[in-house]
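Each chain, written out:
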Amino acid sequence: MSEIITVNHISYKYTDEQERNALNDVSFTIAKGEWVAIIGPNGSGKSTLAKTINGLIEPMSGDVTAGNLTLNEKNIWSIREMVGMVFQNPDNQFVGSTVQDDVAFGLENLGVPRDDMVDRVRDALDKVNMLEFAEREPARLSGGQKQRVAIAGIVALRPDIMILDEATSMLDPKGRQEVLRTVKEVKEKENLSVISITHDIDEAAAANRIIVMKAGELIKEGTPEEIFSYGDQLIEMGLDLPFPEKLKSSLKEIGISVPTEYLTEEGMVDWLWTYGLKK
Amino acid sequence: MDIRFEEVGYTYQKGTPFQSRALYDINLSIKDASYTALVGHTGSGKSTVLQHLNALKKPTEGTITIGDRLITPTTDNKGLKSLRKKVGIVFQFPEAQLFEETIAKDIAFGPKNFGVSEEEAIERARVLLPQVGLDESFMERSPFDLSGGQMRRVAIAGVLAMEPEVLVLDEPTAGLDPQGRKEIMDMFYDLYKTQGLTIVLVTHQMDDVAHYADHMVILEQGTVKREGSPRELFRESEWLSSMQLGVPSTVAFALKLEDKFGWTFDRLPMSTDELALEIKKNLGGNVGERV
Amino acid sequence: MMDKLIFGRYIPGDSLIHRLDPRTKLMSAIFFIIIIFLANNLWTYLALAVFVGLAVSLSQVSLKFFINGIKPLLWLILFTVILQVLFTSGQTIFFSWGPIILSKEGLINGGFIFMRFVLIIFMSTLLTLTTMPLSLSDAIEYLLRPFGKIGVPVHEIALMLSIALRFVPTLMDETEKIMNAQRARGIDFGEGNIYEQMKSIVPLLIPLFVSSFNRAEELATAMEARGYKGGEGRTKYRQLIWKRRDTLAMSSFVVLVAVLIVFRT
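Residues numbered from 1 in each chain as written. Chains lettered and ligands numbered in written order. Predicted model: local features only at pLDDT ≥ 70, side-chain atom pairs only at ≥ 80, totals over all residues. Heavy atoms only, no water.

1. Digging into the interface of chain A and chain B
- Opposite the 31 residues of chain A that make contact, chain B presents 31 residues.
- Regarding the contact of chain A and chain B, the summed buried area is about 2,800 Å², with carbon and sulfur atoms giving 67% of it.
- It is Phe-243, Ile-254 and Val-269 of chain A that lose the most area in chain A upon contact with chain B, and together they represent 19% of the buried surface on that side.
- For Glu-265 of chain A, the salt bridge goes to Lys-256 of chain B, with nearest N and O atoms at 3.3 Å.
- Linking chain A with chain B are seven residue pairs in polar contact (both at pLDDT 80 or more), by the criterion used here. (Contact = heavy atoms within 4.5 Å. Buried area = accessible area lost by both parts, 1.4 Å probe. Salt bridge = Lys/Arg side-chain N within 4 Å of Asp/Glu carboxyl O. Polar contact = N/O pair within 3.5 Å; in protein donor to acceptor, adjacent residues only side chain to side chain.)

2. Description of helix α5 (residues 74-87) of chain C
Residue and element names in this part refer to chain C.
- For α5, spanning 14 residues, the distance from its first C-alpha to its last is 20 Å, which sits close to the expected 20 Å at 1.5 Å a residue.
- Residues of α5 that are buried: Ile-77, Val-81 and Val-85. Summarising the axial view, the buried residues of α5 lie within an arc of 60 degrees, below the 170-degree limit, and thus occupy one face. Relative to its buried face, α5 has exposed residues pointing more than 90 degrees away, namely Trp-75 and Phe-79.
- Contact partners of the buried residues in α5: α4 (63-70), β2 (100-103) and α6 (104-130). (Helix = DSSP H or I, 4+ residues; strand = E, 2+ residues; numbered from the N terminus. Expected span 1.5 Å × (residues − 1). Buried < 20%, exposed > 50% of the residue type's maximum accessible area, 1.4 Å probe, protein only. Arc of directions from axis to C-beta.)

3. What about the domain arrangement of chain B?
Residues and elements named next belong to chain B.
- For chain B, the assigned domains read domain 1 (3-247) and domain 2 (248-285).
- Using only C-alpha atoms to locate each centre, domain 1 and domain 2 end up separated by 32 Å.
- Across the domain 1 to domain 2 interface the summed buried area is about 990 Å²; carbon plus sulfur atoms make up 56%.
- Three residues, Arg-231, Arg-235 and Val-247, lead the burial of domain 1 against domain 2; their summed loss comes to 63% of the area buried on that side.
- There are two salt bridges connecting domain 1 and domain 2.
- The salt bridge involving Arg-235 is made with Glu-258; its shortest N-O contact spans 3.5 Å.
- Within the residue set of the side of domain 1 that touches domain 2, elements represented by two or more residues are α7 (206-212) and α8 (230-233).
- In terms of residue count, the dominant contributor to the side of domain 1 that touches domain 2 is α7 (four residues).
- Residues belonging to the side of domain 1 that touches domain 2 are distributed by class as follows: five nonpolar, two polar and three charged. (Domains from an automatic or database assignment. Nonpolar A, V, L, I, M, F, W, Y, C, P; charged D, E, K, R; others polar.)

4. Observations regarding the nonpolar core
Residue and element names in this part refer to chain B.
- Counting residues in each nonpolar core, the largest one holds 56 residues, and the members touching the most others are Ile-107, Leu-167, Phe-188 and Phe-234.
- It is helix α5 (residues 148-160) that provides the largest number of residues to this core, a total of seven residues.
- In this structure, this core is formed jointly by two domains, domain 1 (3-247) and domain 2 (248-285), each of which donates at least three residues.
- In this structure, Ile-107 is in contact with Ala-125, Leu-128, Leu-129, Val-154, Ala-157, Gly-158 and Ala-161, ignoring residues within four places of it in sequence. (Core = buried A, V, L, I, M, F, W, Y, C linked by side-chain atoms within 4.5 Å.)

Below, the structure written as structure tokens:
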């Protein structure tokens, strides 16, 4: 697998008065087509980290490489074309007055000819299943639908990487599922790499790999199974406990010995079955 | 304080070409010192119901009894203020309501509007800050220098400072991290347990409903579809999923066990602790026959 | 959702007037306000009234909405008309008391001024009732385009306008939410004396400003992330298409002006 993003020893501080760095010597790589979740409690530097990848924030030291470009002032716009970003608040990233206008916004910025634009807007809306809403105004969309439009706006630019900066945190469970499903579909169809910053256990579980941030530093890295097996410590990492972990700790409390490795719900049912047989 | 809705309906922009009916035939009751969960989709009418709980909106049909006050479509707007002291509402993303120069003043704003003296109101702020997980050193700071999660806590303290008898919470933990979510929900539960506060929680989180509430109202398309205890209502898992509402993860897992192992839980477990006990009981009892 | 009816709000429809190009409608409204000053007698005002009546009926929007458009300006209209009536001197005087004169000419002038107000309001209401705000901002951008040559930042103005329009419903929602939150904390909006009312507006305005600034900042970041770097080299997705009916609509003004010139005294 080839690397699409390399973050190399970056540090960053918002103001000089701050005692500690918002990011402190962070390094990692992301492979083409990989989905990486970044977790950590609020204020751990997750969003700052995401913003360094498309140059919204310039690190004080270290560098970021996307594709074969090492981010600098000259290629910043090419990198932004390559790295799409969905933000937390669905309302505050909706620029266009209707769904199709919003999807076209990025294309207009690139100077794509109008005839091309019409096709790409339709195509992108189709991919997120929002084509029938093309004429709608944002005020008449749900949060989940607005986020899907934001995704279409990125897909239309044919990027390599999509960053979700807590993109599901303001949505209701239905909206969350809807957006997560859309991300999965789009990722497959477009062969995207995805970086998702999240507190949501389902979103983290969809990733190939999880990076854990704490106080500006990268403290852990591993597959979802490895990270989820930390049990109770997950809460401090800014993630809710997966249900099987909660049940395990309740069982342990009443004297039933449970396996230490991470179990999915199915795994948990199977384990209970064999436990019952052995007893 | 009891709150009762009888045949309540509400129509927006009544008598204009834009009129639209938001609520109809609503009957529900919220008992004193209960913890009621109000559940339903976005657009089911939850937020309109919520605004009726302290007469921010008056019904266009039917009657609402709040404590000893009767609200009808013709009730005069004057004199509703005293109700708002008794029923405090923490709106969704309540940090949006902060406006004062200092945190202490913002928390004192509500009580002062209801005639509490300045000193007394500031004193309440001092007592409440630690309760919401901040400390006294925050008193003189500007609310706008805080993180989102801290602003949320200040806003909640601002509602608690009015010392309401009923506390209405509209998705109070939306957008917070799990740690903050748990702290805030536990604080509300503590108020309910120790001070006998009546709590109405509007939420999408079925896990929270199972964990905290003793009464549950399900709204859909502007009317009440079910009302009862979570333990009863979550039994209807098929109906709930047909409404796209889902069940708590504990219940989902318990039902899976019933299905696979042929167990029956007489009391549907509402927490993993209850579930663990049921599992222990079932494993102990059935194991012999099974092998 | 605001409980109030907003004056001049777009009413969706598919009438001939709805389908006209927004540029046609905008230019018509402006042009009408200019040529209304050509009218100076009963026949010319009648011609204008027939023209407006025709346009209104073609729009298939209920007359109620147009009358609603007059209401907010009613006092201003009455005040102007009364001034006109009472202070115009003329040959046929019915009554006079110091500087106040009630004359036949005054009454006629007052009537004409009243007509002028009503017709202008009807025409501009017709524009906003049948044109989506967004299309209107497209039309404004188009008509401003020549001013770009003398350094007017037309692209920026247009973008500002369309973003402002896009955020109107969002901010109205926000206003309602904050009002509810403060009412729940014991504020009565619109009650008490002037001092109390002024005081009650602070807890509404400050949060609104704060949230608008936050929104603006987040929006700017999102726009930057989506590659926005000013108007240069940008293409445009929205297109306005001039149709034959637009040419026809504009030429109806030629007829109207001709009628006005022939019949005015």
